Amino acid sequence: MKTIQSIKHLPIRTYLAERGLRPTKDNPRYGLYLSPLRKEHTPSFKVDYVQNLWYDFGLGAGGSIIDLVMRLERCDFAQALRLLGSGERTPMVVPEPLSVPPTVPALRMLSDIPLRHPALVGYLSSRGIDPAIASACCREVHYAVGGRNYFAVGFRNDAGGWELRSERFKGCVSPKHITTIDNRSDTVVAFEGFMDVLSYLSMKPDEWPHIDVAVLNSVVHLPKAIPFLERHATIHAFFDNDEAGRKATADLKRLCSNSSVIDRSHLYRGHKDLNEYWQAKQHRQQSRPHIAPKRKRNMKM
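Residues numbered from 1 in each chain as written. Predicted model: local features only at pLDDT ≥ 70, side-chain atom pairs only at ≥ 80, totals over all residues. Heavy atoms only, no water.

**Some details on the overall build of the protein**
Okay, so step 1: A tally of helices and strands in the protein yields 10 helices and 15 strands.
Okay, so step 2: Intrachain contacts of the protein at a sequence separation of at least 6 include 58% that bridge at least 24 residues. (Helix = DSSP H or I, 4+ residues; strand = E, 2+ residues; numbered from the N terminus. Contact = heavy atoms within 4.5 Å.)

**Some details on the pattern of salt bridges**
Okay, so step 1: Evaluation of the coordinates by the stated rule reveals 10 salt bridges.
Okay, so step 2: Ionic pairing is found between Arg38 and Asp56, a salt bridge with its closest N-O pair at 2.7 Å. Of this pair, Arg38 sits in the loop between β2 (30-33) and β3 (45-48) while Asp56 sits in strand β4 (residues 53-56), placing them 18 residues apart in sequence. Each member of the pair Arg38 and Asp56 is classed as buried.
Okay, so step 3: Glu163 is the salt-bridge partner of Lys176, the closest N and O atoms lying 2.8 Å from each other. Residue Lys176 is located in the loop between β10 (169-173) and β11 (179-181), and its partner Glu163 is located in strand β9 (residues 162-166); the two are separated by 13 residues in the primary sequence.
Okay, so step 4: For Lys176, a relative accessible area of 16% corresponds to the buried category.
Okay, so step 5: Among the ionic contacts, a cluster of salt bridges with common partners joins Glu163, Arg165 and Lys176. (Salt bridge = Lys/Arg side-chain N within 4 Å of Asp/Glu carboxyl O. Buried < 20%, exposed > 50% of the residue type's maximum accessible area, 1.4 Å probe, protein only.)

**Things to note about the sheet that holds strand β13 (residues 212-215)**
Okay, so step 1: A sheet is described by the order of its strands in space; here five strands give the open sequence β11-β13-β12-β14-β15, paired in mixed fashion. With partners counted over all chains shown, the strands left at the sheet margins are β11 and β15 (260-263), one partner each. Neighbour-to-neighbour, the strand axes of the sheet open up by a mean angle of 15 degrees, direction not taken into account.
Okay, so step 2: With four bridges connecting them, strand β14 (residues 234-238) and β15 associate as parallel partners. Each bridged residue has a counterpart across the sheet, and for Thr234 the counterpart in β15 is Ser260.
Okay, so step 3: Sitting on the sheet, helix α8 (residues 222-229) touches β11, β12 (187-191), β13 and β14, and the angle it makes with β13 is about 170 degrees.
Okay, so step 4: Strand contacts of helix α9 (residues 243-255): β14 and β15, with the helix running at about 165 degrees to β15, the strand carrying the most contacts. (Pairing = 2+ DSSP bridges. Axes fitted to C-alpha atoms, helices over the stretch in contact; angles between N-to-C directions.)

**Concerning the state of the cysteines**
Okay, so step 1: This model, assessed by the stated rule, comprises zero disulfides.
Okay, so step 2: With no disulfide partner, Cys137 has as its closest neighbouring cysteine sulfur the one in Cys138, 5.8 Å distant. (Disulfide = S-S within 2.5 Å.)

**Some points on the sheet that holds β2**
Okay, so step 1: Taken together, the five strands give an open sheet; going across it, the order is β1-β2-β3-β4-β5, and neighbouring strands pair in antiparallel fashion. Both outer strands of the open sheet, β1 (25-26) and β5 (61-63), are each paired with one neighbouring strand and no more.
Okay, so step 2: Both β3 and β4 contribute to a ladder of four bridges, which runs antiparallel. Bridge pairing in β4 links Phe45 to Asp56.
Okay, so step 3: Packed onto the sheet, helix α3 (residues 65-73) meets β3, β4 and β5 and runs at close to 130 degrees relative to β5.

**Some remarks on the side chain of Ser259**
Okay, so step 1: Inspection of the secondary structure puts Ser259 in the loop between α9 and β15.
Okay, so step 2: The contacts of Ser259, once residues within four sequence positions are left out, are Leu229, Glu230, His232, Ala233 and Ile235.

**As for the packing of aromatic side chains**
Okay, so step 1: Counted according to the given criterion, the structure contains nine aromatic pairs.
Okay, so step 2: Judged by centre distance (5.7 Å) and plane angle (25 degrees), the ring pair of Tyr143 and Tyr150 falls under stacked.
Okay, so step 3: Centroid distance Phe155 to Phe194: 4.9 Å. Interplanar angle 10 degrees. Geometry classified as stacked. A residue pair is termed long-range when its members are at least 10 positions apart, and Phe155 in strand β8 (residues 148-156) and Phe194 in helix α7 (residues 194-203) qualify at 39 residues. (Phe/Tyr/Trp six-rings, centres within 6.5 Å; stacked < 30°, edge-to-face > 60°.)

**Concerning helix α5 (residues 118-126)**
Okay, so step 1: Of the positions making up α5, those classed as buried are Leu120, Tyr123 and Leu124. The buried residues of α5 occupy one face: seen down the axis, they fall within an arc of 95 degrees.
Okay, so step 2: Summarising the contacts, the buried residues of α5 are in contact with α6 (131-137), β7 (139-145), β8, β9 and α7. (Arc of directions from axis to C-beta.)

Put into structure tokens, the structure is as follows:
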């Protein structure tokens, strides 16, 4: 039986090629593909052949071959391991390029308002996010795609772009950038995605006014965050428990050598990220049977 590490070393390039997907640009270090995860006109799905990692710039997501199979097959971690470990070959439906001209944006932002729609508040609550924290950090973004209007939870970055999330959608409004919160502290907490910082603040709401925050909104933006991060004496890194997250932590230690960089991923060992851990913890607490306190006897003196 193949180990998880041996499965992660299965070449992503070979996996895609066996399913009829070829790069539009190829060199010894990486290849650019039309994304197999969504429709697009310009290739923005990068496979790093050296590190054997993929990244979809349109989705702002990436990872190992296991993460890719989980998305393509819409399965969980264990099912992805079984598919890759058995060598089972499943057909891949490759989305056709968009028929619209590339000058026409696929997603057009309409407005942002205070977060209040029950569907969005309920979505965040299902992920363990405190409504007060969500309202303070996020907005309700309305946008249009192909003539139809939608709405999602919006998390703004420092360049004026937005990360968008809802129960059925994950995307962004350009430009992609980092998000920072500067409370003039000498300590900063760093996260890959905004669901993790919302989870952290839901766990520790009293820390909101006292610490600085940096959200990469994708590990590829780590270099953009260095000028902000290196100002701090202490950096707590809450990156994902995967190869990309571990590499980002190692790069952070190297690039911020004058700061004390503390890897906090061990706190949610066994989970992909902090939000997954927080959801699991809340689920366990809610599943515990309620035990009524014992009635105290009146004791005679």
